[in-house]
Amino acid sequence: MKDSLRQQFERLTFRLAELDTTLADGSVAADMKRYRALTREQAEVSSLVTLWQRYQQHEADQAAARELQDDPDMAEMAREEIALNEAALAALEQQLQLALIPKDPDDERNAFLEIRAGAGGDESALFAGDLARMYLRFAEGQGWRTEIMSANESDLGGYKELVVRIEGDGVYGRLKFESGGHRVQRVPATESQGRIHTSACTVAVLPEPDEAEEITLNPADLRIDTFRASGAGGQHINKTDSAIRVTHLPTGLVAECQDDRSQHRNKAKALAVLQARLRDKERIEREAREAATRKGLIGSGDRSDRIRTYNFPQGRLTDHRINLTLYKLGQIMDGDLGDVIQGLLAAQAADQLAQLEEGRA
């Protein structure tokens, strides 16, 4: 292991001792915000230090085994012990490096999933409906809860636009790489000559902000319109102006909600979506400034990037960012996104490790 890594883990060992001492002081609990931050840091540092102590123990065992190699009666056992320790040390070093990768504080948040039909007309809207079904089935398999915030259905089925709130453990961290352009290649149901058409949708995944971190909205910057909800919903929802559209005048961002009969609740939900979009806009602008000289492996955050192609005639899905191709499109469209998401997470981890190594070089 490199000396720079060892020094980092030694510093973490000292930091854990400091945190233990600080949290033992009962007065710290008086400031709950600080107390929660310290206990969260203590849990993270403690897991790293535990791994580091296991690594050090294997190093000590390895040194002892090497000393036994010169003893004829113990040489064979020592060689076996050395081989076992080498394997354990290699595995632990990999775990320790991965554990040092900075964590995105948004990864554990709930998320808003937005799907919009793009080029391709009715076929694009139908594909948006297929994507919605795919994500909803994946969410169901993860044990997450979903709530449709707004839906603009197309005449032939599918959606022109759909916004879904997804609640559960690690939602944003699992879905954040879905943001971008999704392209489909298939023969539409309306195609009489069997020709393959190409159409596209865009997907955006936004972390739901904490109440404490929400952007303060100036009422003067908002235009709030009421309108009659469209689509299914019963007699009442079609005859009253219960749907809400909120426009943020400085940026032009718009959010709407029509799923509830209560105008007040629809307004609260639309404002929550607007908060998430404003926060995501700020994040993208900040990352663009910070990373202007390099493009990350997982993508630039540009919503127009074509990230994935769904080829139905060949039963093939290709994620262009990591050159991943899977020939099980039917299962994926039924919500089996596990291999795709794991591939993206692994690529991100490898990229971040390489950056850490560059920083230490």
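Just so it is clear, the model here is predicted, and its values are computed rather than measured. (Residues numbered from 1 in each chain as written. Predicted model: local features only at pLDDT ≥ 70, side-chain atom pairs only at ≥ 80, totals over all residues. Heavy atoms only, no water.)

Enquirer: Could you give me a rundown of the overall build of the chain, with the residues and numbers involved?
Expert: A tally of regular secondary structure across the chain gives nine helices and 11 strands. Taken across its 361 residues, the chain has 39% of its residues classed as buried. Within the chain, counting contacts between residues at least 6 apart in sequence, those at least 24 apart form 62% of the total. (Helix = DSSP H or I, 4+ residues; strand = E, 2+ residues; numbered from the N terminus. Buried < 20%, exposed > 50% of the residue type's maximum accessible area, 1.4 Å probe, protein only. Contact = heavy atoms within 4.5 Å.)

Enquirer: Could you give an account of the packing of helix α1 (residues 3-24) against helix α2 (residues 32-67), naming the residues involved and the relevant values?
Expert: Packing of α1 against α2 brings their axes to within 8 Å, and their N-to-C directions diverge by 135°. By the angle between their axes, α1 is oblique relative to α2. When the axes of α1 and α2 are compared, the crossing they make is left-handed. Each residue belonging to the contact of α1 with α2 can be placed in one class, and the counts come to 12 nonpolar, six polar and seven charged. (Axes fitted to C-alpha atoms, helices over the stretch in contact; angles between N-to-C directions. Parallel < 35°, antiparallel > 145°, perpendicular 65-115°, else oblique. Left-handed = near helix turned anticlockwise from the far one by under 90°. Nonpolar A, V, L, I, M, F, W, Y, C, P; charged D, E, K, R; others polar.)

Enquirer: Summarise the side chain of Q62; cite the residues concerned and give the values.
Expert: Looking at the element boundaries, Q62 is found in helix α2. Residue classification places Q62 among the buried residues on the basis of a relative accessible area of 6%. Residues within four places of Q62 in sequence aside, it is in contact with E81, I82, N85 and E86.

Enquirer: Could you give me a rundown of the pattern of salt bridges, with the residues and numbers involved?
Expert: Here the structure, examined in full by the defined rule, presents 26 salt bridges. With its nearest N and O atoms 3.1 Å apart, the salt bridge here joins E18 to R15. Highlighted residues: E18 and R15, both in helix α1, separated by three residues, approximately one helical turn. Here E18 falls in the partly exposed class, since its relative accessible area comes to 45%. Overall, the relative accessible area of 27% leaves R15 in the partly exposed class. As a salt-bridge pair, E114 and R116 come within 3.0 Å of each other at their nearest N and O atoms. Here R116 falls in the partly exposed class, since its relative accessible area comes to 25%. Residues joined by salt bridges that share partners form a network here, namely E114, R116, E161 and R277. (Salt bridge = Lys/Arg side-chain N within 4 Å of Asp/Glu carboxyl O.)

Enquirer: Just give me the short version of the confidence of the model for the chain, but keep the residues and values in it.
Expert: In the predicted model, the chain carries a mean pLDDT of 83, and the fraction of residues at 70 or more is 87%. This stretch, residues 232-239, has a pLDDT under 50; its non-local contacts, to residues over four places away or in other chains, come to 12 contacts. Here residues 293-304 scores under 50 on pLDDT; set against residues more than four positions off or in separate chains, the count is 25 contacts. (pLDDT = per-residue confidence, 0-100.)

Enquirer: Quick rundown of the packing of aromatic side chains? Include the residues and the values.
Expert: Throughout the structure, instances matching the rule amount to four aromatic pairs. Centroid distance F127 to Y310: 5.3 Å. Interplanar angle 70°. Geometry classified as edge-to-face. With F127 in helix α4 (residues 122-142) and Y310 in strand β9 (residues 306-311), this pair connects stretches of sequence that are 183 residues apart. Considered together, F127 and Y310 belong to a single accessibility category, that of buried residues. The structure contains a cluster of three or more aromatic residues connected by ring pairs, namely F9, W52 and Y55. R186 extends its terminal NZ or CZ atom over the ring of F312, reaching a point 4.8 Å from the ring centre. (Phe/Tyr/Trp six-rings, centres within 6.5 Å; stacked < 30°, edge-to-face > 60°. Lys NZ or Arg CZ within 6 Å of the ring centre and 35° of its normal.)

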